[in-house]
Amino acid sequence: MKIRFLIFILYTFTAFSQQKAVKDSFDFYKENHQYIKAFNFSDKKTKLYLKKGNYTKYINQVIKSADLLSDEIKDNKRAYKLVLNTLNTTNKKASDYDMVKLLNTLTYINIDLQKYPEAIKIATKSLKLANKSKNDTITARLYRGILIGYLKTEKTDSIYRYLEPNLKSAHKIKDNKFIADAYNSNYAFYNLIKEYDIAKKYLDSSLIFAKKANSKKAIITAKSNLGVHYLVTEKNYKKAIEIYDEIINDTKNDSANTKYDYAIACVNMAFCYENLGDYRKAYNYQTQYVNYTDSLLLHKNDTELEQIRTQYELDKAESKYEEEKLLLKQKQLKSEKMLYLLLTVLMLLAILFYFFYQNLKLKQKNKFKDLNHSIQQNLVNATIDGQEEERKRLSGVLHDNISALLSSASLHLTAFEANHPEIDDQLKKTKAIIKEAHDKVRDLSHALVPPVLEKLGLIPALEDLCEKNSNSLIDFQFNNLIEKEIRFQNDFEMKMYFIVAELFNNIMKHSNASAAFLTIKKENNQLSINIEDNGKGFNTKEGKSTEGYGLSQIKTRIKSLKGMITIDSKEKSGVVILIKIPVPNQKSDAGSHFHNV
């Protein structure tokens, strides 16, 4: 989240009114250690730039604030948060050049936080963006950041890989201070791997370019490293004394920024004179080191106190801003809740009306659907009933009339044959034709209504059906769990018989089964018929697409009898069909050939 310091706006405005001659700028406040005013000024600028969509100026101002937090206030965590939130705000909005500047700042903040792997990761990924934006200065800084990260973690293979790119990028931008830093990094690497002669050459180059850059800090850094080289590596104490003497003269009267270098030079001078046996000078320089250390400690304490005070003020400002933001948000939420409540009520009414209307339409649709289904079922039932009635009528006509007439004709021919023996051949042929006609009429009559069903009832008829359909290819086995003498209503028996006959027909046509089983039982006034086969089966999940017209008619017929049918099957696992139908209580007519239960 971008740091805001609204708490100080009123205070800053008053101060500006009283000091009109004072320049209102971030840099002025920073130079005069007025960090809160600097942040207030920066906050106003960043909001203005963000509102106008000027992401370049917005990012530049954020980088200034982050540098102030990191370098002066030493609040690297707040700086990290500021830059990270800015990256999220400007993602895919700012140019590659501006984004890589932010990523470079984030790299060095991570280095300050000692998060070296993260710094290396960010800098490495940012190099592609820097090359794309053709920003040589940022590229050089990123290479330097990567190298610092690897030097801190002492990963020598990785350090060596980036030494040359770091040096080349520094030379490319022709910045002598960058070049001095690059040579100093090379010195650090070769000193780490104990290649002291090579390290010394890079150190000399670092000092040359530091002097060209006229950067006092870079010169002192190079000289300090050179002094360490003479002191530790070559043990040339006299040469080390010359270097440290130069450092002491250069930093003696400087600001606190170089007093640390002065103190280190003093203690190293004491070490040199101790090794040369000049204990008096060693004691003097040791005393100077102690005095400057005390001075540095006092300055450090003052600086840290100022940093803590600034951080406290920043936290206080941020906390107040968050409180005001929360209050504003609560007010907005209250207004939004009222609006949402009103909208919810309206939506609820609309939904209720919609569902009421849809429910009304659905009821009408279901009513028409049920009516249509009832009509279709009645048509199917009427058709099947008509077929069965016609079947019985035709069977009766064939058996009672045509068969009787053929029998009578056969008797007359027999009588005629006795009186006219001379035409015996023609009579025999005529009798044979009449007998064949009689047999066919009888077979057709039996096919329409099996005589076993008519005379003995459903159970013997089903057993006979199993025997008739069994052959060398398939064996139908019958298992009766009901008393054989029991009889049902004639229409019921006929319907059940032809349902089973149709299912048997399907098994023989489609199943490729070698065995089938029919089990029949009666429980609680309910007839159960179970039919199984060991055929190829089918996938019942395919639904109605696998049903034929015959099976559909069977389901309709069972439903009309208030029964149920279940079909369980899997491919290559056969089929199991279970039918359960309540036994009707209606009595048959007195003259019926069928007997009731």
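Just above, that's the structure.
Residues numbered from 1 in each chain as written. Predicted model: local features only at pLDDT ≥ 70, side-chain atom pairs only at ≥ 80, totals over all residues. Heavy atoms only, no water.

Peer 1: I tried to follow helix H13 (residues 237-251) on my own but got confused; where do I start?
Peer 2: Note that an α-helix has 3.6 residues per turn; residues three or four places apart therefore point the same way. In a regular helix each residue adds 1.5 Å, so 15 residues correspond to 21 Å; H13 covers 21 Å between its end C-alpha atoms and thus fits that length. Listed in full, the buried residues belonging to H13 are Tyr237, Ala240, Ile241, Ile243, Tyr244, Ile247, Ile248 and Thr251. Angular distribution of buried residues about the axis of H13 spans 165°; they occupy a single face of the element. Relative to its buried face, H13 has exposed residues pointing more than 90 degrees away, namely Lys238 and Asn249. (Helix = DSSP H or I, 4+ residues; strand = E, 2+ residues; numbered from the N terminus. Expected span 1.5 Å × (residues − 1). Buried < 20%, exposed > 50% of the residue type's maximum accessible area, 1.4 Å probe, protein only. Arc of directions from axis to C-beta.)

Peer 1: Hey, could you run me through the nonpolar core in this one?
Peer 2: One recurring pattern in soluble globular proteins is that nonpolar side chains are buried together. Core analysis: the biggest nonpolar cluster contains 56 residues, and Leu142, Ile146, Tyr244, Ile248, Met269 and Tyr285 have the highest contact counts within it. Filtering out sequence-adjacent residues up to four positions away, tyrosine 244 remains in contact with Ser224, Gly227, Val228, Leu231, Ala265, Asn268 and Met269. Membership of the second largest hydrophobic core comes to 40 residues, among which are Ile474, Ala501, Ile558 and Ile577. (Core = buried A, V, L, I, M, F, W, Y, C linked by side-chain atoms within 4.5 Å. Contact = heavy atoms within 4.5 Å.)

Peer 1: In this structure, what is going on with the packing of aromatic side chains? I would like to understand it.
Peer 2: Each pair of aromatic rings is reported with the distance of its centres and the angle of its planes. As enumerated under the stated definition, the model contains 13 aromatic pairs in all. Considering the side-chain rings of tyrosine 354 and phenylalanine 355, the 5.7 Å spacing of their centres and the 70° angle between planes classify their relative orientation as edge-to-face. An aromatic cluster is defined as three or more aromatic residues linked by ring pairs; in this entry it consists of Tyr160, Tyr183, Phe189, Tyr190, Tyr202 and Phe209. A cation sits over an aromatic face here: arginine 141 above tyrosine 108, 4.7 Å from the ring centre. Over the aromatic face of phenylalanine 209 sits the side chain of lysine 212, whose NZ or CZ is 4.7 Å from the ring centroid. (Phe/Tyr/Trp six-rings, centres within 6.5 Å; stacked < 30°, edge-to-face > 60°. Lys NZ or Arg CZ within 6 Å of the ring centre and 35° of its normal.)

Peer 1: I would appreciate a short explanation of a nonpolar patch on the surface in the present structure.
Peer 2: Together, Met338, Leu339, Tyr340, Leu341, Leu342, Leu343, Val345, Leu346, Leu348, Leu349 and Leu352 make up an exposed nonpolar region whose accessible area comes to about 1100 Å². Within the secondary structure, leucine 349 is located in helix H15 (residues 279-419). The class for leucine 349 is exposed, based on a relative accessible area of 53%. (Patch = residues over 30% accessible without salt bridge, like charges linked within 9 Å, V, L, I, M, F, W, Y side chains within 5 Å. Areas by Shrake-Rupley, 256 points an atom, 1.4 Å probe, with all protein chains shown as cover. Salt bridge = Lys/Arg side-chain N within 4 Å of Asp/Glu carboxyl O.)

Peer 1: Any chance you could explain the pattern of salt bridges here in plain terms?
Peer 2: When the charged atoms of two side chains with opposite charge come close together, those side chains can pair. As enumerated under the stated definition, the model contains 15 salt bridges in all. Among the ionic pairs, aspartate 261 bridges to lysine 217, the shortest N-O distance being 3.4 Å. Of the two residues, aspartate 261 sits in helix H14 (residues 256-276) while lysine 217 sits in helix H12 (residues 216-233), which places them 44 residues apart along the sequence. With a relative accessible area of 12%, aspartate 261 lands in the buried category. A residue is classified by how much of its surface remains accessible, and lysine 217, at 45% relative accessible area, is partly exposed. Shared partners join several salt bridges into a network, and the residues in it are Arg144, Lys177 and Asp181.

Peer 1: How should the packing of helix H4 (residues 55-72) against helix H6 (residues 96-112) be read in this particular structure?
Peer 2: Between two packed helices, both the angle of their axes relative to each other and the distance between the axes serve to describe the pair. The contact between H4 and H6 brings their axes to 10 Å, and the two run at 10°. Taken together, the axis directions place H4 and H6 in an arrangement best described as roughly parallel. Together, Tyr55, Thr56, Ile59, Asn60, Val62, Ile63, Ala66, Asp67 and Ser70 of H4 and Asp98, Lys101, Leu102, Thr105, Ile109 and Asp112 of H6 make up the contact between the two elements. When grouped by side-chain class, the residues that make up the contact of H4 with H6 number seven nonpolar, four polar and four charged. (Axes fitted to C-alpha atoms, helices over the stretch in contact; angles between N-to-C directions. Parallel < 35°, antiparallel > 145°, perpendicular 65-115°, else oblique. Nonpolar A, V, L, I, M, F, W, Y, C, P; charged D, E, K, R; others polar.)

Peer 1: Got a minute to help me understand unusual backbone geometry in this structure?
Peer 2: Leave glycine aside and you will find that most residues have negative phi; peptide bonds, for their part, are mostly trans. Positive phi outside glycine occurs at lysine 562, with the angle close to 65°. Of note, lysine 562 is situated in the loop between helix H20 (549-560) and strand E4 (564-569). Non-glycine residue lysine 572 carries a positive phi angle of around 65°. Examined against the element boundaries, lysine 572 turns out to sit in the loop between E4 and strand E5 (575-582).

Peer 1: Looking at this structure, how should I read the sheet that holds strand E2 (residues 515-523)?
Peer 2: The strands making up a sheet associate through hydrogen bonds between their backbones, and the pairing can be parallel or antiparallel. One open sheet holds the five strands; their spatial order is E1-E2-E3-E5-E4, and the pairing between them is mixed. Only two strands of the sheet have a single partner each, and these edge strands are strand E1 (475-480) and E4. Pairs of neighbouring strands in the sheet enclose a mean axial angle of 10°, with direction left out of account. As judged from the eight bridges shared by strand E3 (residues 526-533) and E5, these two strands associate in the antiparallel manner. The residue of E5 that forms the bridge with asparagine 530 is leucine 578. Across the sheet, helix H18 (residues 458-469) touches E1, E2 and E3, and the angle it forms with E1 is around 160°. Packing against the sheet, helix H19 (residues 490-511) makes contact with E1, E2, E3 and E5, and its axis sits at approximately 10° to E3. (Pairing = 2+ DSSP bridges.)

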